[in-house]
Amino acid sequence: MVATLPDLLRLLVVPVFAWAAIRDVRTRRLPNRLWPPLYLFGALLLVWEAASLWPFAGFDGRIFLVRAAISLLFVAPLGYAFWYLGAFGGADAKAMIALAVIFPTFPAYEVGGVTLPLVGTQLGVFSLTILTNTVLIGLAYPVGLAALNLVRGEVSSSMFLARPVATDSLPDRHGRLFEDPEGPTRGGLDLDALRMYLRWRGLTLADLRADPDGLRDPASVGETFDPTDGGTHVGPRTDGGRTVDDAAPDGERAADDAPPDVERAADGEPEGDDPWAAERFLDDIDHGAYGTDAATLRDGLDVVAREDSVLVSPGMPFVVPMAVGLVVSLTYGDALFALLGAVGLV
């Protein structure tokens, strides 16, 4: 392989993102300590390349400045904007910012007489190519989910967004309920919030399903515990004879909280009437429960307490298609640009 030393060093990011994708699938959590070294790494490579092109007098120097500016001043803030609008989680936004810093311009690798990536763009901002490839790869996820449902004979209007699972399996799953007592809904209970609630009460899902009528009474709440961040990565410990979960949050979830006070204000549940002690739970915890309000929590608990099978929208951790998009970008190049070229639009 023939390439500049900065471009060769950039390949070190590939296994890092592969590890992040695997961890994101397993736990939906990425450690915050992952990102600062990547930012520093990218900044050092950027300074290295800038120094080699100083004083930016020729075409190569000026085009480098333009592409680096677009990557740093447009693509990186775009990741923050997606997070702010709720389209990204914090970890997704930080991953996108890292790629914007590390890959402002197209790298080039000579492999066996072939130059990779194969397809470039006129703009030449590589982080933008990674982003568009990531979006295209992400679009394939609902198609795959529908195919899985079809193979299993589960044909419905929600087959592109959710699939039925055994209720008893929810403690080890990620995603969101796709139903409430009235039927399918896209605003169902987040499964991390469900785990937080169960840990707060010191219950298992089996306990809840064994006595839903008794536990629905807010007076049944006794000693409460640390709800943790709701992740499945939290390990069990024994406390007072009961097995509960010990908080060990070390990362950031892909889907962040909505402002909890705003969500709760819209609940409209009469004061003093608090089935499942949902309002008390939200008031007791010192942070939000992934945008969950009391009504959504109650509806979700009613569903999981009564039904043996529920619809779950598993979601897609955005870091996963981002890692695949990075590999596609480094080898094939810009898939969207190639597609537009094939239909004569560029």
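Residues numbered from 1 in each chain as written. Predicted model: local features only at pLDDT ≥ 70, side-chain atom pairs only at ≥ 80, totals over all residues. Heavy atoms only, no water.

**Looking at the overall build of the protein**
Okay, step 1: Across its full length, the protein carries 14 helices and eleven strands.
Okay, step 2: Out of the 346 residues in the protein, the part that is buried amounts to 44%.
Okay, step 3: Taking the intrachain contacts of the protein between residues at least 6 apart in sequence as the baseline, contacts between residues at least 24 apart amount to 70%.
Okay, step 4: For the protein, the computed accessible surface area is about 16600 Å², with 62% contributed by carbon and sulfur atoms. (Helix = DSSP H or I, 4+ residues; strand = E, 2+ residues; numbered from the N terminus. Buried < 20%, exposed > 50% of the residue type's maximum accessible area, 1.4 Å probe, protein only. Contact = heavy atoms within 4.5 Å. Areas by Shrake-Rupley, 256 points an atom, 1.4 Å probe, with all protein chains shown as cover.)

**Points about the pairing of strand 4 (residues 163-166)**
Okay, step 1: Of the two faces of strand 4, only one is covered, namely that formed by R163 and V165; the face formed by P164 and A166 stays uncovered.
Okay, step 2: Here strand 4 runs beside strand 11 (residues 309-313); their pairing, made up of four bridges, is antiparallel. Paired with R163 across the strands is V312, a residue of strand 11. (Pairing = 2+ DSSP bridges.)

**With respect to the sheet that holds strand 11**
Okay, step 1: One open sheet accounts for three strands, arranged 4-11-5; its pairing is antiparallel. Lying at the two open borders of the sheet, with one neighbouring strand each, are strand 4 and strand 5 (176-177).

**Here we look at the packing of helix 6 (residues 126-151) against helix 13 (residues 319-331)**
Okay, step 1: Remark: helix 6 packs on helix 13, axes separated minimally by 8 Å, with the N-to-C direction vectors making an angle of 125°. The angle between helix 6 and helix 13 falls in the class oblique. Relative to helix 13, helix 6 is oriented so that their crossing is right-handed. Side by side, helix 6 and helix 13 meet where F126, T129, I130, N133, T134, I137 and G138 of the first sit next to P321, M322, V324, G325, L326, V328, S329 and L330 of the second.
Okay, step 2: Residue composition of the contact of helix 6 with helix 13, grouped by class: nine nonpolar, six polar and no charged. (Axes fitted to C-alpha atoms, helices over the stretch in contact; angles between N-to-C directions. Parallel < 35°, antiparallel > 145°, perpendicular 65-115°, else oblique. Left-handed = near helix turned anticlockwise from the far one by under 90°. Nonpolar A, V, L, I, M, F, W, Y, C, P; charged D, E, K, R; others polar.)

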